Amino acid sequence: MTKEPEVTLKTDNKALRNAIIAGIQDRKGYNITVVDLSDIDTAPAHEFIICQGNSNQHVSSVADSVREYLLENHGVKPYNYDGYRNSQWIVIDYGETLVHIFTPETRQLYNLEELWADAVVTEVPDLD
């Protein structure tokens, strides 16, 4: 995993979620879902934001956009991120929120929404 400095500015969860979604949509990431894990004691985070890109390059581009958008607009850096080597699944760690960016095949294989089926899953409409 590539290590970056800790988050430099505390942002409330809703503002963080909206900024992440804006960063995803800025590079045409799609099929965005928000998985609320806050009521699940064993969950690794309070929230997953999951989306996909069309190709490995698109997945990398969407991940870059999320990181750049949060840094430029909110002064927030991720705690960590991983997956750029093959860019089939990139995860970005913002503490209580984990962002998962997949290729379609990899997303279907791991199916995180089904894995956490007891969580509340909200779909975000795609921008057309």
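Scroll up to find the structure.
For every chain, the first residue of the written sequence is number 1, and numbering continues from 1 along that sequence. The predicted origin of the model limits local features to residues at a pLDDT of at least 70 and limits the giving and counting of side-chain atom pairs to 80 or more, whereas totals for whole chains, interfaces and linings rest on all residues. Computation of side-chain values: all heavy atoms of the structure, hydrogens and water removed.

**Q** Just to check I follow, could you spell out the pairing of strand 6 (residues 97-102) for this structure?
**A** Consecutive residues of a regular strand have side chains that alternate between opposite faces of the sheet. Using a 1.4 Å probe on the protein chains alone, a residue whose accessible area is under 20% of its type maximum counts as buried, one over 50% counts as exposed, and one in between counts as partly exposed. Helix numbering and strand numbering both begin at the N terminus, where a helix is a DSSP run of H or I of at least 4 residues and a strand a DSSP run of E of at least 2. Buried residues dominate strand 6, accounting for six of its six residues. In strand 6, alternate side chains face the same way, and those of Thr97, Val99 and Ile101 on one face and Leu98, His100 and Phe102 on the other are all buried. Here, a strand pair is defined by DSSP locating no fewer than two bridges between the strands. Relative to strand 6, strand 3 (residues 47-52) runs parallel, the two being bridged by six bridges. Pairing of Ile50 across the sheet is with His100, part of strand 6. For strand 5 (residues 89-94) and strand 6, the ladder comprises six bridges, and the chain directions are antiparallel. Each residue of the ladder has a partner; that of Tyr94, found in strand 6, is Thr97. Hairpin connection between strand 5 and strand 6: a loop of two residues separates the two successive antiparallel strands, and Gly95 in this loop has a positive phi of roughly 80°.

**Q** Would you mind going over helix 1 (residues 13-26) with me for this structure?
**A** One turn of the α-helix equals 3.6 residues, which is why residues spaced by three or four share an orientation. Between the first and last residue of a helix there are one fewer steps than residues, each counted as 1.5 Å, and that sum is the expected span. Taking 1.5 Å of rise per residue, the 14 residues of helix 1 would be expected to cover 20 Å, and the 20 Å separating its terminal C-alpha atoms lies within 8% of that figure. If you check which residues of helix 1 are buried, you get Leu16, Ala19, Ile20, Ile21, Gly23, Ile24 and Gln25. Where the residues of helix 1 are buried, they touch strand 2 (30-36), strand 3, helix 2 (56-74), strand 5, strand 6 and strand 7 (120-124). With its phi angle positive at about 65°, Lys28 sits one or two positions after the end of helix 1. The criterion used for residue contact is that any of the two residues' heavy atoms lie within 4.5 Å.

**Q** Would you explain the packing of helix 1 against helix 2 in this entry?
**A** Any two packed helices are characterised by how steeply their axes cross, that is the angle between the axes, and by the distance between the axes. Between helix 1 and helix 2, the least distance of the axes is 8 Å, while the angle of their chain directions is 130°. Overall, the two elements helix 1 and helix 2 adopt an arrangement that is oblique. Crossing handedness for the pair helix 1 and helix 2: right-handed. Along the contact surface, helix 1 presents Leu16, Ala19, Ile20, Ala22, Gly23, Ile24 and Asp26, while helix 2 presents Val62, Ser65, Val66, Tyr69, Leu70 and His74. Interaxial angle, 0 to 180 degrees, is taken between N-to-C directions of lines fitted to C-alpha atoms, where a helix line uses only the stretch in contact. Should an angle lie under 35 degrees it is considered roughly parallel, over 145 roughly antiparallel, and from 65 to 115 roughly perpendicular; all remaining angles are considered oblique. By the definition used in this description, the sense in which the near helix is turned from the far one sets the handedness, with an anticlockwise turn below a right angle giving left-handed and a clockwise turn giving right-handed.

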